[in-house]
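If you want the building blocks of each chain, they are given just below.
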Amino acid sequence: MIARPATPAARIVAALDTQDRAQAAAWARALAGRIGVAKVGLELFAAAGPAAVAAVRESGLPVFLDLKLYDIPNTVAGAVRSAAGLGVAMLTVHAAGGRAMVAAAREAAETAGADRPMILAVTVLTSLTAADLAATGVEDAPASQVLRLARLAIAAGADGLVCSPLEVAPLRAALGRSVPLVVPGIRPVGSRADDQARVTTPEEAVAAGADWLVIGRPITRAPDPAAAADAIAASLR
Ligand code: C5P
């Protein structure tokens, strides 16, 4: 399984959000050696599938396949085995899929051996408000639901969690140092917020206890993505 980042650059996960496999591969080539991980999300995977994962892996970067799986345990286990066969280093599932589903994901990942993907659990989507949660029958405050799902996922065998910058400190306080945390919603000083409502800087996220930082557009939309990544890594020294 991928080791927790040992250098500032290794903390950076670049989200290669595009439908274009060649574009994703070009970003990965430009970023190899300057960041830790390349993230293939739903947009790229729906457009270009396993070939996109292979194209990005050719850069030498470990791949985070962000499929946010949520289905019955048997189906999720099958998807995890398929993803493990693509050689991905990280894979997401929804904690809300429940204990048995998360456990099935971990068990399926184990079949890939020592190089198995790290299973990361997503708690509450950051796009959901308290009112949205209430409409689905969750009357608790979002922060309580995040903590409940985080504990459930870790107890069920998730290797780590994806969480918003605002959740890093409370999750660290509740769960300690041992749980890897992967954090999107990161904006370097001076970059645009885009559609991210609650953002934090790379330095703030690491200070709060983030391990990996998921950063998309501030890198991929930069005139020179490699230079943008280098500047973020330098800000973390
Ligand atoms: O371009 P940007 O830095 O906003 O990209 C962030 C990436 O992290 C996207 O791939 C997005 O899907 C993902 N993400 C997020 N917020 C979450 C979970 C995942 O922005 N709560």
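See the structure above.
Analysis parameters
- Residues numbered from 1 in each chain as written.
- Predicted model: local features only at pLDDT ≥ 70, side-chain atom pairs only at ≥ 80, totals over all residues.
- Heavy atoms only, no water.
- Helix = DSSP H or I, 4+ residues; strand = E, 2+ residues; numbered from the N terminus.
- Salt bridge = Lys/Arg side-chain N within 4 Å of Asp/Glu carboxyl O.
- Buried < 20%, exposed > 50% of the residue type's maximum accessible area, 1.4 Å probe, protein only.
- Near = heavy atom within 4 Å.
- Polar contact = N/O pair within 3.5 Å; in protein donor to acceptor, adjacent residues only side chain to side chain.
- Areas by Shrake-Rupley, 256 points an atom, 1.4 Å probe, with all protein chains shown as cover.
- Pairing = 2+ DSSP bridges.
- Axes fitted to C-alpha atoms, helices over the stretch in contact; angles between N-to-C directions.
- Parallel < 35°, antiparallel > 145°, perpendicular 65-115°, else oblique.
- Left-handed = near helix turned anticlockwise from the far one by under 90°.
- Contact = heavy atoms within 4.5 Å.
- Nonpolar A, V, L, I, M, F, W, Y, C, P; charged D, E, K, R; others polar.

K.L.:
Residue-level account of unusual backbone geometry, with values.
P.N.:
One non-glycine residue, Lys68, lies in positive phi territory at about 45°. Structurally, Lys68 can be placed in strand S3 (residues 63-69).

K.L.:
Could you give me a rundown of the pattern of salt bridges, with the residues and numbers involved?
P.N.:
Under the definition given, this model contains 13 salt bridges. Among the ionic pairs, Arg116 bridges to Glu110, the shortest N-O distance being 3.8 Å. Ionic pairing is found between Asp194 and Arg192, a salt bridge with its closest N-O pair at 3.3 Å. For Asp194, a relative accessible area of 31% translates into the label partly exposed. Overlapping salt bridges, with partners in common, bring together Arg106, Glu110, Arg116 and Asp159 in one network.

K.L.:
Lay out the site of the ligand in plain terms, naming residues and giving numbers.
P.N.:
Around the ligand, 13 residues are found, and the nearest of them are Asp17, Thr126, Gln196, Gly216 and Arg217. Within the side chain of Thr126, an N or O atom sits 2.7 Å from a nitrogen atom of the ligand. Here an oxygen atom of the ligand sits 2.7 Å away from a polar atom, N or O, in the main chain of Arg217. Surface burial for the ligand is 81%, taken as the share of its 460 Å² of free accessible area covered by protein chains.

K.L.:
Please set out the pairing of strand S5 (residues 118-122) residue by residue, giving values where relevant.
P.N.:
Of all five residues in S5, five are buried; the element is thus mostly enclosed. The two faces of S5 match: Met118, Leu120 and Val122 on one face and Ile119 and Ala121 on the other face are all buried. Two strands pair when backbone bridges link them, and strand S4 (residues 90-94) and S5 are joined in this way by five bridges, in the parallel orientation. Residue Met90 lies in a different strand from S5, and its bridge partner there is Met118. With three bridges joining them, S5 and strand S6 (residues 160-162) adopt parallel strand pairing. Directly across from Ala121, in S6, lies its bridge partner Leu161.

K.L.:
Quick one: what's the story with the packing of helix H6 (residues 142-156) against helix H7 (residues 165-175), residue by residue and with numbers?
P.N.:
Interaxial distance between H6 and H7 falls to 11 Å at its minimum, and their mutual angle equals 50°. As the angle between them shows, H6 and H7 are arranged oblique. The two elements H6 and H7 meet at a crossing, and its hand is right-handed. Contact residues: H6 offers Val146, Leu147, Ala150 and Arg151, while H7 offers Glu167, Leu171, Ala174 and Leu175. In the contact of H6 with H7, the residues fall into six nonpolar, no polar and two charged.

The values are spatial; any link to function lies outside them.
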